[in-house]
Amino acid sequence: MNTKPCQSGRARRSDTFPDLERRARGATAHGVTTASVTGLVLKGVKVLQPALSPAAVHLLALLCEHVYGDDRWKRGKLLVKPGNARLAVMLGVTERAVRRLLTLLEDNHWIIRRYNAANRRAHQAGIDLAPVAARLHDLREAVTFAEEELRETRRRAEELVVEGTDGWTDASSQGDRSFRLESLTGNPKFKKTSVQGEGRDRDLLLLMVTASPRLQESLRGEDLNALLYGDPPPQALNQVARAVSYLAQEMGLPRGIWGEGLARHGFPALAAAVVSAERQGVTRRAGYLRSMLARGNLGETVGHSLRVLAGGRGA
């Protein structure tokens, strides 16, 4: 993004700053409280702008909490004046990091940094939250959308039913707005080495179950034995699908990443990647899975990871 040189009384601004000022000018918010706005920020900003860092969202919420007096939202008196040092302590980061995050928030049209003639946020200057007031309608819609998505995901997970007769499919996942784990049926012999196509998918299932205590706990004794040592019945495969569905929800895996993985790699490889991320204790799981999906050989990559986690079994 292009920036303009810093002049007396001004910070370095993005090339969209004039539009930001125009949209935020005179913005007010009626019938809201500081607490409700903070909640909307925490729940809705990442829905509107997924690429915005969690630290930036946290900082924006902290700034909103500095609006002391709910009537200030109605009156449009939304200039807050916390110093960078105070914000750094509250966030647990450096002042330099705070400055970067403030620039990021302004570039994404959430705040306006107001400076005096000495280029300081002091006295009559500060951080203007009028852009937040101007975007409250968008935030409400984003939160409503996210809540509906979550309800739909839970409903579909509860109603997951075994259908079909030929292996793992994802044919009907296109256009679905939630996790849809298609039917897992058929029970050919598992192979002990990973091969292309069907044999590789069977091998991934064996590795997933062997490496994951979560999957093992979700299976009845006879189904677990059949998966590990014999011919898996349809109900055993369906139990695996349910377990992976719940695991993906717990991990907060975005619908877009799930759909992309199904379309590009199919359910077996995607499910194996989810199990691998959970077992390895990956913290930023969505980012990890997004990077994994960029690989052309996802099945082979996660298969290797699962073999290590399973102590070499299935290799």
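Conventions used here
- Think of each chain on its own: its residues are numbered from 1, step by step along the sequence as written.
- Only residues with pLDDT of 70 or above have their local features reported here, since the model is predicted, and side-chain atom pairs are shown and tallied only from 80 upward, although totals for entire chains, interfaces and linings are computed over all residues.
- Side-chain descriptors were evaluated using all non-hydrogen atoms of the structure, hydrogens and water having been removed beforehand.
- A run of DSSP states H or I qualifies as a helix once it reaches four residues; a run of E qualifies as a strand once it reaches two. Both are numbered from the N-terminal end.
- Lines fitted to the C-alpha atoms define the axes, with helices restricted to the stretch that makes contact. Angles between their N-to-C directions range from 0 to 180 degrees.
- By definition in this entry, angles of less than 35 degrees are roughly parallel, angles greater than 145 are roughly antiparallel, angles of 65 to 115 are roughly perpendicular, and the rest are oblique.
- Crossings are sorted by hand: turned counterclockwise from the far helix by less than a right angle, the near helix makes the crossing left-handed, and turned clockwise it makes it right-handed.
- Note on contacts: a residue pair qualifies if any of its non-hydrogen atoms lie within 4.5 Å across the two residues.
- Under the scheme applied here, ten amino acids are nonpolar (Ala, Val, Leu, Ile, Met, Phe, Trp, Tyr, Cys and Pro), four are charged (Asp, Glu, Lys and Arg), and all others, including Gly, are polar.
- The pLDDT value expresses, per residue, how confident the predictor is, ranging between 0 and 100.
- Type-normalised accessible area, obtained with a 1.4 Å probe on protein chains alone, sets the label of each residue: buried when under 20%, exposed when over 50%, and partly exposed for intermediate values.
- This arc is built from the directions going out from the helix axis to the C-beta atoms.

1. Observations concerning the environment of His-30
Tracing the sequence through the fold places His-30 in the loop between helix 1 (17-24) and helix 2 (34-48). Separated by 42 residues in the primary sequence, His-30 and Arg-72 place their C-alpha atoms 9.5 Å from one another.

2. Thoughts on the packing of helix 14 (residues 267-279) against helix 16 (residues 298-309)
At a minimum axis separation of 9 Å, helix 14 and helix 16 run at an interaxial angle of 40°. By the angle between their axes, helix 14 is oblique relative to helix 16. In terms of crossing hand, the pair formed by helix 14 and helix 16 is left-handed. Between helix 14 and helix 16, the contacting residues are Ala-269, Leu-270, Ala-272, Ala-273, Val-275, Ser-276 and Arg-279 on the first element and Leu-298, Gly-299, Val-302, Ser-305, Leu-306 and Leu-309 on the second. Class assignment for the residues of the contact of helix 14 with helix 16 results in nine nonpolar, three polar and one charged.

3. Thoughts on the confidence of the model for the chain
Predicted confidence across the chain gives a mean pLDDT of 76, with 74% of residues reaching 70 or more. This stretch, residues 161-196, has a pLDDT under 50; its non-local contacts, to residues over four places away or in other chains, come to 95 contacts.

4. Looking at helix 5 (residues 84-91)
When we look at burial in helix 5, the residues that qualify are Asn-84, Leu-87, Ala-88 and Leu-91. When helix 5 is viewed along its axis, its buried side chains cluster within an angular range of 105° and face the same direction. Among the structural elements, helix 3 (54-65) and helix 6 (95-107) are those in contact with the buried residues of helix 5. Note on helix 5: the residue one or two positions beyond its end, Gly-92, has a positive phi of about 75°.

5. Focus on helix 1
Considered for burial, the residues of helix 1 that qualify are Phe-17, Leu-20 and Ala-24. Looking straight down helix 1, one finds its buried side chains confined to an arc of 55°; they lie on one side. Structurally, helix 1 contributes buried residues whose contacts are with strand 2 (13-14), helix 6, strand 4 (112-114) and helix 7 (130-134).

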